[in-house]
Every structure is written in structure tokens, then in C-alpha cells.
Amino acid sequence: MSGRLTGRAAIITGGAQGIGAACARRLAADGAQVLIVDIDGDLAQETAQGITDAGGTAAVLVGDISKEETAKDMVAETVSRYGRLDILVQNAFGIGGSTFGGGALEVEPEGWQDGLDILMSALYLGAKHAVPAMEASGVPQGFDTAPTSRIGMDTGGPPKTEVGRIVNMSSVHGLLQASSMLVYEAGKAAAIGITRQMAIDFGPMGITVNAIAPGHIMTEKMEAGWREVGNAEGQRLFELQYPVRRLGRPEDIANAVAFLCSPEASFITGVTLPVDGGLTI
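Residues numbered from 1 in each chain as written. Predicted model: local features only at pLDDT ≥ 70, side-chain atom pairs only at ≥ 80, totals over all residues. Heavy atoms only, no water.

## Remarks on the side chain of R8
Logical step 1: Position of R8 among the secondary structure elements: in the segment before β1 (9-13).
Logical step 2: Using a relative accessible area of 1% as the deciding quantity, one classes R8 as buried.
Logical step 3: Here the side chain of R8 touches E162 through a polar contact of 2.4 Å, side chain to side chain.
Logical step 4: Polar contacts involving the side chain of R8 include one to the main-chain carbonyl oxygen of C261, which spans 3.2 Å. (Helix = DSSP H or I, 4+ residues; strand = E, 2+ residues; numbered from the N terminus. Buried < 20%, exposed > 50% of the residue type's maximum accessible area, 1.4 Å probe, protein only. Polar contact = N/O pair within 3.5 Å; in protein donor to acceptor, adjacent residues only side chain to side chain.)

Below is the structure:
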């Protein structure tokens, strides 16, 4: 437990497994009280139990984050349970492979809409309901926001800082494109634009908004898929696309998220950080 996020409350969507679970564990290890939001209640409870067993604080809300009711509920539950809201990690993107597949000629209108609801609308809904709660919560006790110099003093007093952090999960697919993946590519590119625009709107409130662009991350589902295929040579070909010569781990993404949520990152906003082993270069 590092303690650098002690006194802060965090929501992690899609936090039952994979990248989201790693983020929940890391933020809790840094002292944050976390609410895991996921459609898989059993896996979410298992992850939360692991966090509490390790000495952290975690709870679960079951819901579909593409629905406004879930966005309202997760904010209300966090404030009710922990007394405040400081961090929103928007990671969930659990839609079926059939929705990802195909270009404009193959994707059906229902699949297009379903995909963008989870990849794009969920980011809007999460921020719409989380930001007022962050602003109302204010700066956590123990965080000193007094300026160390005259920076900001000549423009009406010291600027607000440490009020909130939003991290949206994009992808290298938001920076590079692949064939026959129209919905996913559009949604992950949109996440970058949404992040940049929100950073402008929420910066004056003391809330930073950043995005992470993961490469190929070996989550539980990915590992099971590789085992099912049994293609060691294919996996090695994937690895050779990365200058670091390995695929990513969920913890690689969680470490970046924890940094962007920390006091050390208070001057970073509107950034999309590739955590991809160098793939995008």
C-alpha cells in the first residue's frame, strides 16, 4: 500500500477482470477506495474480495455502463459508500466479436449503434454524472493545493487542482487502423477526441482527463484464446511487432493509469498515452 491515493474514491468500469481488474487492484494498493462496475457480478465480486483480502477497500455494482441508469447508480453508490468521488477509470468495452467484425459494407446498423453505445456513449454518460460529484467532493483532505510560486496568482488566485481524474481507455486501434474492424476503430478513435475535448471543459474545475492506448495485452481472455488456438508461432509473430519483444500485461496498463491518477500527474491533461511496447512507432 503506497498511500499516495489515500482518501480518494474511484470507479473502475469493466473492473471484473483483465485490464480493469488490474487497475482496481493497483488503485486500491495505492490507497484508493474502489467501486468495480461490471456486467459479470461473480467475477467482479471475486476481484473485490481479492482486494479486501490484500488489505484494500473495494465494492461491486453490477450494471451495463452503456445505460444512463448505471452511470447514475455507480456515482450514487460511490458517494453513498465512500462519501466522495475523485477518480473515474472508463475501461469497459465488453461487446461481442460479431459487432467488431466487418467494414461499412458488412456491419449492420444495430451492430454499429450497439458498438458506439458502449465505446463512445458510455464515456459521455460516465463523465456527465461523475464530474458534478467530483466537483462537489472537492479536494481530498490532506492534499495541499496551495501554490508554491506565483503561478496562477495573477489571474484571479491559485487554480483548482486535485479535484478529480478521468482516464478513458482507448487503444492502439485509435491511433492505427486495421481492416474489417470499423466499429472498434471508430469507437477507440472517438475516445481520443472525447478525451481531448473533456480536458478543455473540465480543466478549470481541477479535473484532468487523459486516455491510455494499450497494445495487445495478455488478459485472461486473450491468454485463453491463444491456448485454444495453440499457435505459438503466431504469438511469437505478434511479439516481434513490438520493439520490447513481448506482449503487454494488465499491470502495465494499471501502472500508467495509477500515475495519471496521482498528484504527480496534475499538469498532464488531454493526453493519449500509448502503453504498447513501442508498437505505434
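## Quick word on unusual backbone geometry
Logical step 1: The backbone phi angle of E162 is positive, close to 60°, even though this residue is not glycine.
Logical step 2: Looking at where E162 falls in the secondary structure, it is placed in the loop between α5 (109-137) and β5 (164-169).
Logical step 3: A residue is classified by how much of its surface remains accessible, and E162, at 7% relative accessible area, is buried.
Logical step 4: With a phi angle near 65°, R245 is a residue other than glycine that sits in the positive phi range.
Logical step 5: Secondary-structure assignment places R245 in the loop between α8 (232-240) and α9 (250-260).

## Focus: the pairing of β1
Logical step 1: The buried fraction of β1 amounts to five of the five residues, a majority that puts the element mostly inside the structure.
Logical step 2: On β1, burial covers both faces: A9, I11 and T13 on one face and A10 and I12 on the other are all buried.
Logical step 3: Pairing of β1 with strand β2 (residues 33-38) involves five bridges; the strand directions are parallel. Each residue of the ladder has a partner; that of I12, found in β2, is I36.
Logical step 4: Pairing between β1 and strand β4 (residues 87-90): four bridges, direction parallel. Looking at the pairing, I12 lines up with V89 of β4. (Pairing = 2+ DSSP bridges.)

## Observations regarding the sheet that holds β1
Logical step 1: Spatially, the seven strands line up as an open sheet ordered β3-β2-β1-β4-β5-β6-β7, and their pairing is parallel. Looking at which strands have only one partner, the edges of the open sheet turn out to be β3 (57-62) and β7 (272-275). On average, each strand axis in the sheet is tilted by 20° relative to the strand beside it, whichever way the strands run.
Logical step 2: One ladder, built from four bridges, connects strand β6 (residues 207-214) with β7; its direction is parallel. The residue bridging A213 from the neighbouring strand is P274, located in β7.
Logical step 3: Each of β4, β5, β6 and β7 is contacted by α9, which is oriented at about 165° to β6, the strand it contacts most. (Axes fitted to C-alpha atoms, helices over the stretch in contact; angles between N-to-C directions. Contact = heavy atoms within 4.5 Å.)

## Concerning the packing of α5 against helix α6 (residues 182-202)
Logical step 1: The N-to-C vectors of α5 and α6 enclose an angle of 20°; their axes lie 9 Å apart at closest approach. Our classification of the angle between α5 and α6 gives roughly parallel. Two packed elements cross with a definite hand, and for α5 against α6 that hand is right-handed. Contact residues: G111, W112, G115, L116, L119, M120, L123, Y124, A127 and V131 in α5; L182, V183, Y184, A186, G187, K188, A190, A191, I194, M198 and F202 in α6. (Parallel < 35°, antiparallel > 145°, perpendicular 65-115°, else oblique. Left-handed = near helix turned anticlockwise from the far one by under 90°.)

## With respect to the state of the cysteines
Each disulfide consists of one covalent bond between the sulfur atoms belonging to two cysteines.
Logical step 1: Summed over all chains, the structure comprises zero disulfides.
Logical step 2: Free cysteine: C23, not disulfide-bonded; nearest cysteine sulfur from C261 at 8.2 Å.
Logical step 3: With a relative accessible area of 0%, C261 lands in the buried category. (Disulfide = S-S within 2.5 Å.)

## Things to note about the environment of M181
Logical step 1: Here M181 lies in the loop between β5 and α6.
Logical step 2: Look at M181 and you get partly exposed, because its relative accessible area is 23%.
Logical step 3: Placed 74 residues apart in sequence, M181 and V107 show a C-alpha to C-alpha distance of 9.1 Å.

## Considerations on the environment of A28
Logical step 1: Relative to the assigned elements, A28 resides in helix α1 (residues 18-29).
Logical step 2: When its relative accessible area of 2% is taken as the criterion, A28 is described as buried.
Logical step 3: Between the C-alpha atoms of A28 and A256, which are 228 residues apart in sequence, the distance is 14 Å.

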